[in-house]
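# Overview (structure and organization)
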Amino acid sequence: MTTQPTKPATPIDILLAEDSETDAELTIDALQQGKIRNNIHHVWDGEEVLAFLRKEGQYENAVRPDLILLDLNMPRMDGREALREIRSDDNIKAIPVVVLTTSSQERDIHESYGLAANNYIVKPVDLVQFFKVIQSVQEFWVNVVKLPKK
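## Examining the overall build of the chain
Along the chain, the regular secondary structure elements total five helices and five strands. If you list the helices and strands of the chain from N to C, you get β-α-β-α-β-α-β-α-β-α. Scaling as 2.2 N^0.38, a compact globule of 150 residues should have a C-alpha radius of gyration of about 15 Å, and the chain matches this with 15 Å. Projected onto its principal axes, the C-alpha coordinates of the chain cover approximately 50 × 35 × 30 Å. Counting every position in the chain, which comprises 150 residues, the buried fraction comes to 46%.

## Remarks on the sheet that holds strand β2 (residues 39-43)
Strand order in this open sheet of five strands is β2-β1-β3-β4-β5, and the pairing throughout is parallel. Strand pairing shows two members of the sheet lacking a second neighbour, β2 and β5 (119-122), which therefore form its edges. Within this sheet the neighbouring strands show an average axis-to-axis angle of 20°, counted without direction. Alignment of strand β4 (residues 97-101) against β5, held across four bridges, turns out to be parallel.

## A look at the nonpolar core
Ranked by size, the top nonpolar core spans 25 residues in total, and within it Val49, Leu53, Ile68, Leu70 and Ile86 carry the most contacts. Of all the elements in the fold, those that place two or more residues in this core are β1 (13-17), α2 (46-54), β3 (67-70), α3 (79-88) and β4. Per-element accounting of this core gives the leading share, five residues, to α2. Other than its neighbours up to four places away in sequence, Leu53 contacts Leu15, Pro65, Ile68, Ile86, Ile92 and Ile95. Counting 20 residues, the second-largest nonpolar core is a separate cluster that includes Ala24, Ile36, Leu67 and Leu69.

## Thoughts on the packing of helix α1 (residues 21-32) against helix α5 (residues 127-144)
Closest axis-to-axis distance for the α1/α5 pair is 9 Å, and the angle between their directions is 60°. Considering their axes alone, α1 and α5 lie oblique with respect to each other. When you trace α1 past α5, the crossing you get is right-handed. Of the residues in α5, those touching α1 at Asp23, Leu26, Thr27, Asp29, Ala30 and Leu31 are Leu127, Phe130, Phe131, Ile134, Gln135 and Gln138.

Criteria and thresholds
- Within each chain, residues carry numbers counting from 1 in the order of the written sequence.
- Thresholds applied to this predicted model are a pLDDT of at least 70 for local features of residues and 80 or more for the giving and counting of side-chain atom pairs; totals over whole chains, interfaces and linings are not thresholded and use all residues.
- Each side-chain value is derived from all of the structure's non-hydrogen atoms; neither hydrogens nor water enter the calculation.
- Helix and strand definitions follow DSSP, with helices as H or I runs of at least four residues and strands as E runs of at least two, each counted in order from the N terminus.
- Our radius of gyration is a C-alpha quantity, and the globule rule it is checked against amounts to 2.2 Å times the number of residues to the power 0.38.
- Accessibility here uses a 1.4 Å probe with only protein chains present; expressed as a share of the type maximum, an area under 20% marks a residue as buried, one over 50% as exposed, and anything in between as partly exposed.
- Should DSSP find at least two bridges between two strands, the strands are taken to pair.
- Axes, fitted as lines to C-alpha atoms, cover a helix only where it is in contact. Angles between the N-to-C directions of the axes lie from 0 to 180 degrees.
- Within this scheme, the nonpolar core is defined by two criteria: the residues are buried Ala, Val, Leu, Ile, Met, Phe, Trp, Tyr or Cys, and they are joined through side-chain atoms within 4.5 Å.
- In what follows, a contact means two residues having at least one pair of non-hydrogen atoms within 4.5 Å.
- An angle below 35 degrees is treated as roughly parallel, one above 145 as roughly antiparallel, one from 65 to 115 as roughly perpendicular, and anything else as oblique.
- Handedness of a helix crossing follows the sense of rotation of the near helix relative to the far helix, less than a right angle counterclockwise being left-handed and clockwise being right-handed.

Here's what the structure looks like:
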């Protein structure tokens, strides 16, 4: 059996929804240390997620992200509400959503998968582990999964 050489992955657009400045900086840092320089867009809450995805207001020129990293516990509109809205909107419901949160509560896990989250990841407290998890998420969604063309 011959193996085909792997071609370099194409950068993707990632929308990070995170209200913690520290967690956002760490996540962006971890994503930027990966092999692929993906385009990372950061918003602070669920209302901004929807505005970005629907190209409203200051986000009228936003790109359609290939992947959403969504925190659950955010102000104004939390991640659960945002995920519910994303999955009910025919124009954006196919965008993969990875829930990236501190909550390990079973009800949050069940609710997120019930709302069609693609993955549910509890943020590790250990910094080294956190970087490994973020980089593995990026590796999976950039190099393993076949994403739809925009």
